[in-house]
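# Structural overview for review
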Amino acid sequence: MSFILVQVIVGGLLLGAVYALFSSGLTLVWGMMNIVNFAHGDFVMLGMYAAFVVFTLFGVGPLAGVPFATLLLALLGVVVYFALIRDIMKGPMLAQILGTFGLALLLRYSVFWWFGANFLSLPQDIVGGTFAFLGLRIEASRLLAGVVALFVTLGLHLLLTRTSLGSKMLAVAEDATAAQLMGIRPDTMQAIAWAIAAGATGLAGALIATFFYIVPTVGETLGIVAFVTVSLGGFGSVPGALIAGLLIGVIESLSAYLIGDVYKDIVVYVLFLSFLWFRPQGLMGKT
């Protein structure tokens, strides 16, 4: 296997880890509340703009931009839950779909109004140059994004499966009424879930902004990636989102290298649909 092909695969794994990070928030919300957030991709977009604003105002990179975007989006997640989600959850599925879709449009066109439609970007050397290791050349920005995203996604899984908070959140997901009788406040747990999910998107967005274009409509593209990742991994499964994100990242990178960047999405979606034909619940979803 040539060094170029290995480098393509490594780059795909790093990008796939970021996909897994912001997709894990989507699968967390679904697993707890059975609600699909159509504004999820636009949350990632806001994280990108948050990192851009921090750089523009203070001239600093991810060291300050990433924590700021994470906290800002986590706060937005709590506000969205109490202002919108808590009420539309009581209605039919159509109300949930239209409610979160309307939220996506509100966020997107608010950014259009404030920042305009121009493509923005952070300096290419904001993180560092390029690392050379065993003949491979990896951009520092992509390496930082991939490694941080991988550890945060694994940390989120451990939070849900190894902590008291995670046990309470899973109890609410299983039966909110029974959890309430045990002294657990479903509203609080669900608000925390939204804070974690939105914070993960802010973190991922700030990391992606170091090497990806920034524009109000980027949330559409990233939102589709998140839905594909969650569907492939299995709705409600964070490990599934991680595995699916890594697979999609590698498939995208190999497709772009072997047959052209224009066709990479076609390959991903054809393979995705073919897989779901035989296993509609996804890799690690419940039957």
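Above this text you will find the structure in question.
To keep things clear, this report deals only with the structure shown in the data block. What you see is a predicted model; the values in this text were computed from it and never measured.

Another aspect to go through is the overall build of the protein chain. A tally of helices and strands in the protein chain yields eleven helices and two strands. Sequence-ordered secondary structure for the protein chain, helices as α and strands as β, is α-α-α-α-β-β-α-α-α-α-α-α-α. What you see for the protein chain is a C-alpha radius of gyration of 19 Å, in line with the 19 Å of a compact globule of 287 residues. Seen through its principal axes, the protein chain has C-alpha atoms that stretch 60 × 50 × 35 Å. Of all 287 residues assigned to the protein chain, the portion counted as buried reaches 46%. Pairs at least 24 residues apart make up 77% of the contacts formed inside the protein chain by residues separated by at least 6 positions. Within the structure as shown, the protein chain displays about 14,000 Å² of accessible surface, and the carbon and sulfur contribution to it stands at 70%. Counting 11 positive and 11 negative side-chain charges, the protein chain places the averaged centre of each group 8 Å from the other.

For the rest of this paragraph, the subject is the environment of Glu174. Topologically, Glu174 is positioned in helix H6 (residues 164-174). Under the relative-accessibility criterion, Glu174 is labelled exposed at 63%. Note: C-alpha distance between Glu174 and Val111 (63 residues apart in sequence) is 37 Å.

Let's shift gears to the pattern of salt bridges. On inspection of all chains with the given rule, the structure shows five salt bridges. Across the pair Arg108 and Asp42 runs a salt bridge whose closest N-O atoms are separated by 3.0 Å. Taken together, the residues Arg108 in helix H4 (residues 93-115) and Asp42 in helix H2 (residues 40-58) connect sequence positions 66 residues apart. Accessibility classification places Arg108 together with Asp42 in one group, the buried group. When the shortest N-O distance is used, the salt bridge between Lys264 and Asp261 registers 3.5 Å. On the basis of relative accessibility, which here comes to 22%, the residue Lys264 falls in the partly exposed class.

Further remarks concern H2. Between its terminal C-alpha atoms H2 stretches 27 Å, which fits the 27 Å expected from 19 residues at 1.5 Å a residue. For H2, the tally of buried residues reaches 14 of 19 residues, placing the bulk of the element in the interior. In the segment just after H2, Gly59 is the residue with positive phi, at about 70 degrees.

With that settled, the discussion passes to unusual backbone geometry. A positive phi is found at Asn34, a non-glycine position, where the angle reads about 55 degrees. The topology assignment puts Asn34 in the loop between helix H1 (3-33) and H2.

Between its terminal C-alpha atoms helix H9 (residues 218-233) stretches 23 Å, which fits the 22 Å expected from 16 residues at 1.5 Å a residue. Of all 16 residues in H9, twelve are buried, a share of seventy percent or more. Burial in H9 covers these residues: Val218, Gly219, Leu222, Gly223, Val225, Ala226, Val228, Thr229, Val230, Ser231, Leu232 and Gly233. As for H9, its buried residues are in contact with H1, H2, helix H10 (238-258) and helix H11 (264-278).

Moving on: a nonpolar patch on the surface. On the surface, Ile4, Tyr257, Leu258, Ile259, Val262, Tyr263, Ile266 and Val270 cluster together to form a nonpolar patch covering roughly 840 Å² of accessible area. Secondary-structure elements contributing two or more residues to the nonpolar patch are H10 and H11. Relative to the helices and strands, Val270 resides in helix H11.

Let us now look at the packing of aromatic side chains. Applying the stated criterion across every chain yields a total of nine aromatic pairs. An aromatic cluster of three or more residues is present, and its members are Phe119, Phe212 and Tyr213.

Here we come to the nonpolar core. Nonpolar side chains in soluble globular proteins tend to be buried together. Grouped together as the largest cluster of nonpolar side chains are 72 residues, with contacts concentrated most on Phe22, Met32, Met33, Phe43 and Trp194. Ranked by the residues each element gives to this core, the list is headed by helix H8 (residues 186-208), at twelve residues. If near-sequence neighbours (up to four positions away) are discounted, Trp194 is found in contact with Val29, Met33, Asn37, Phe43, Gly77, Val80, Tyr81 and Ile85.

Packing of H1 against helix H5 (residues 140-162) leaves a shortest axis separation of 7 Å and a crossing angle of 35 degrees. Taken as a pair, H1 and H5 cross one another with a handedness that is left-handed. Facing Leu14, Ala17, Val18, Ala20, Leu21, Ser24 and Leu28 of H1, the residues of H5 in contact are Arg142, Leu143, Ala145, Gly146, Val147, Ala149, Leu150, Val152, Thr153, Leu156 and Leu160. Along the lines of polarity and charge, the residues of the contact of H1 with H5 split into 14 nonpolar, three polar and one charged.

Now for the packing of H9 against H10. Running from amino to carboxyl end, H9 crosses H10 at an angle of 120 degrees, the nearest separation of the two axes being 8 Å. Here H9 lies oblique to H10, going by the angle between them. Seen along the crossing, H9 lies across H10 with a hand that is right-handed. On the side of H9, the interface is formed by Val228, Thr229, Leu232 and Gly233, while H10 contributes Gly240, Ala241, Ala244, Gly245 and Ile248.

Cut-off values and rules
Residues numbered from 1 in each chain as written. Predicted model: local features only at pLDDT ≥ 70, side-chain atom pairs only at ≥ 80, totals over all residues. Heavy atoms only, no water. Helix = DSSP H or I, 4+ residues; strand = E, 2+ residues; numbered from the N terminus. Rg over C-alpha atoms; globule rule 2.2 N^0.38 Å. Buried < 20%, exposed > 50% of the residue type's maximum accessible area, 1.4 Å probe, protein only. Contact = heavy atoms within 4.5 Å. Areas by Shrake-Rupley, 256 points an atom, 1.4 Å probe, with all protein chains shown as cover. Lys, Arg positive; Asp, Glu negative; His and termini not counted. Charge placed at Lys NZ, Arg CZ, Asp CG, Glu CD. Salt bridge = Lys/Arg side-chain N within 4 Å of Asp/Glu carboxyl O. Expected span 1.5 Å × (residues − 1). Patch = residues over 30% accessible without salt bridge, like charges linked within 9 Å, V, L, I, M, F, W, Y side chains within 5 Å. Phe/Tyr/Trp six-rings, centres within 6.5 Å; stacked < 30°, edge-to-face > 60°. Core = buried A, V, L, I, M, F, W, Y, C linked by side-chain atoms within 4.5 Å. Axes fitted to C-alpha atoms, helices over the stretch in contact; angles between N-to-C directions. Left-handed = near helix turned anticlockwise from the far one by under 90°. Nonpolar A, V, L, I, M, F, W, Y, C, P; charged D, E, K, R; others polar. Parallel < 35°, antiparallel > 145°, perpendicular 65-115°, else oblique.

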